[in-house]
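Structure assessment
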Amino acid sequence: QQQVKQSPQSLIVQKGGISIINCAYENTAFDYFPWYQQFPGKGPALLIAIRPDVSEKKEGRFTISFNKSAKQFSLHIMDSQPGDSATYFCAGPSGTYKYIFGTGTRLKVLA
Amino acid sequence: SQTIHQWPATLVQPVGSPLSLECTVEGTSNPNLYWYRQAAGRGLQLLFYSVGIGQISSEVPQNLSASRPQDRQFILSSKKLLLSDSGFYLCAWSGPGHSGNTIYFGEGSWLTVV
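Just so it is clear, the model here is predicted, and its values are computed rather than measured.

**Examining the overall build of chain B**
Scanning chain B from N- to C-terminus turns up zero helices and eleven strands. Taken from the N to the C terminus, the helices and strands of chain B come in the order β-β-β-β-β-β-β-β-β-β-β. Since a compact globule built from 114 residues should have a radius of gyration of about 13 Å, the 13 Å found for chain B is in line with a globular shape. Principal axes of the C-alpha set define a box for chain B whose edges measure 40 × 25 × 20 Å. Of all 114 residues assigned to chain B, the portion counted as buried reaches 49%. Across chain B, the fraction of contacts at a sequence separation of at least 24, relative to all contacts at a separation of at least 6, is 54%. Of note, chain B has its 6 positive side-chain charges centred 9 Å away from the centre of its 6 negative side-chain charges.

Set out below in structure tokens:
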């Protein structure tokens, strides 16, 4: 099965700092790269996504950077806030109808 | 706008008892539907997906089954629960057609098998 490898597994950042989470994929046919945010006891929610025709997308404090040649995409959270403390998942299409998810990164932002 | 409803939110079931989790989607037609399981502090494991009524694909051999009796209804079932079935179950949907559409999750159902 095509893999999506996410790192780091956990991350602690000071308030106001930059959080960076990375994801590496194998399937070069991937055409959609989303990041999901999950709070405890809740379902994951789409945070931001990018298609491979652009190298970067920014929405507020959240930025996706995409490196097609390296088959990597990353999530940057600028000016991290305690409210950003959550688990983040990257994902990629696997086959025609499915998605596979990374193993998740547990982010804690210290006040 | 589209919404997804999943219930019950929490349940505690004894080993060997049956299970039925239900999920419905509103505001869209012919969605792709998914059941995921998330063990505590772990990633998302795809259990079943469906691209149409009565069409179910299973990803992992296990004690569970899924059914899609109506276009926007997806049910996860078990005849006899095992302790290892405990976890957080998530229903999700995406637009019809191939992957590359955003997948949207429900609020999840916590299952504890005792």
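That covers the picture; the talk isn't over yet.
**Let's talk about the state of the cysteines**
Applying the stated criterion to the full structure yields two disulfides over all chains. Across the disulfide from Cys23 of chain A sits Cys90 of chain A; the S-S distance is 1.9 Å. On the S-S bond that ties Cys23 of chain A to Cys90 of chain A, the torsion sits near 65 degrees, and the link is right-handed. Of the two residues, Cys23 of chain A sits in strand 3 (residues 19–25) while Cys90 of chain A sits in strand 9 (residues 86–94), which places them 67 residues apart along the sequence. Each member of the pair, Cys23 of chain A together with Cys90 of chain A, is buried. The disulfide bridge from Cys23 of chain B ends at Cys91 of chain B, spanning 2.0 Å between sulfur atoms. In this structure the cystine formed by Cys23 of chain B and Cys91 of chain B twists about its S-S bond by roughly -80 degrees; its chirality is therefore left-handed. Taken together, the residues Cys23 of chain B in strand 3 (residues 19–26) and Cys91 of chain B in strand 9 (residues 87–94) connect sequence positions 68 residues apart. Each member of the pair, Cys23 of chain B as well as Cys91 of chain B, is classed as buried.

**Quick notes on the packing of aromatic side chains**
For any pair of aromatic rings, the description rests on two quantities: the centre-to-centre distance and the angle between the ring planes. Taken as a whole, this structure holds 17 aromatic pairs over all chains when the rule is applied. Pairing Phe101 of chain A with Tyr36 of chain B gives two aromatic rings, centres 5.4 Å apart and planes at 90 degrees, and the pair type is edge-to-face. Of this pair, Phe101 of chain A sits in strand 10 (residues 98–101) while Tyr36 of chain B sits in strand 4 (residues 32–38), each in a different chain. Accessibility classification places Phe101 of chain A together with Tyr36 of chain B in one group, the buried group. For the ring pair Phe101 of chain A and Phe105 of chain B, a centre distance of 5.7 Å and an interplane angle of 65 degrees mean the geometry is edge-to-face. With Phe101 of chain A in strand 10 and Phe105 of chain B in strand 10 (residues 103–105), this residue pair bridges two chains. Of the two residues, Phe101 of chain A and Phe105 of chain B, neither departs from the other in class, the shared state being buried. Counting every residue linked through ring pairs, the aromatic cluster contains Tyr36 and Phe101 of chain A together with Tyr34, Tyr36, Tyr49 and Phe105 of chain B.

**Topic: the nonpolar core**
One broad trend across soluble globular proteins is that nonpolar side chains are buried collectively. Of all hydrophobic cores here, the largest spans 24 residues; its most connected members are Phe33, Trp35, Ile48, Phe73, Leu75, Tyr88 and Leu107 of chain A. In this structure, Ile4, Trp35, Leu64 and Leu76 of chain B belong to the second largest nonpolar core, which totals 20 residues.

The rules we used
- Residues numbered from 1 in each chain as written.
- Chains lettered and ligands numbered in written order.
- Predicted model: local features only at pLDDT ≥ 70, side-chain atom pairs only at ≥ 80, totals over all residues.
- Heavy atoms only, no water.
- Helix = DSSP H or I, 4+ residues; strand = E, 2+ residues; numbered from the N terminus.
- Rg over C-alpha atoms; globule rule 2.2 N^0.38 Å.
- Buried < 20%, exposed > 50% of the residue type's maximum accessible area, 1.4 Å probe, protein only.
- Contact = heavy atoms within 4.5 Å.
- Lys, Arg positive; Asp, Glu negative; His and termini not counted.
- Charge placed at Lys NZ, Arg CZ, Asp CG, Glu CD.
- Disulfide = S-S within 2.5 Å.
- Phe/Tyr/Trp six-rings, centres within 6.5 Å; stacked < 30°, edge-to-face > 60°.
- Core = buried A, V, L, I, M, F, W, Y, C linked by side-chain atoms within 4.5 Å.

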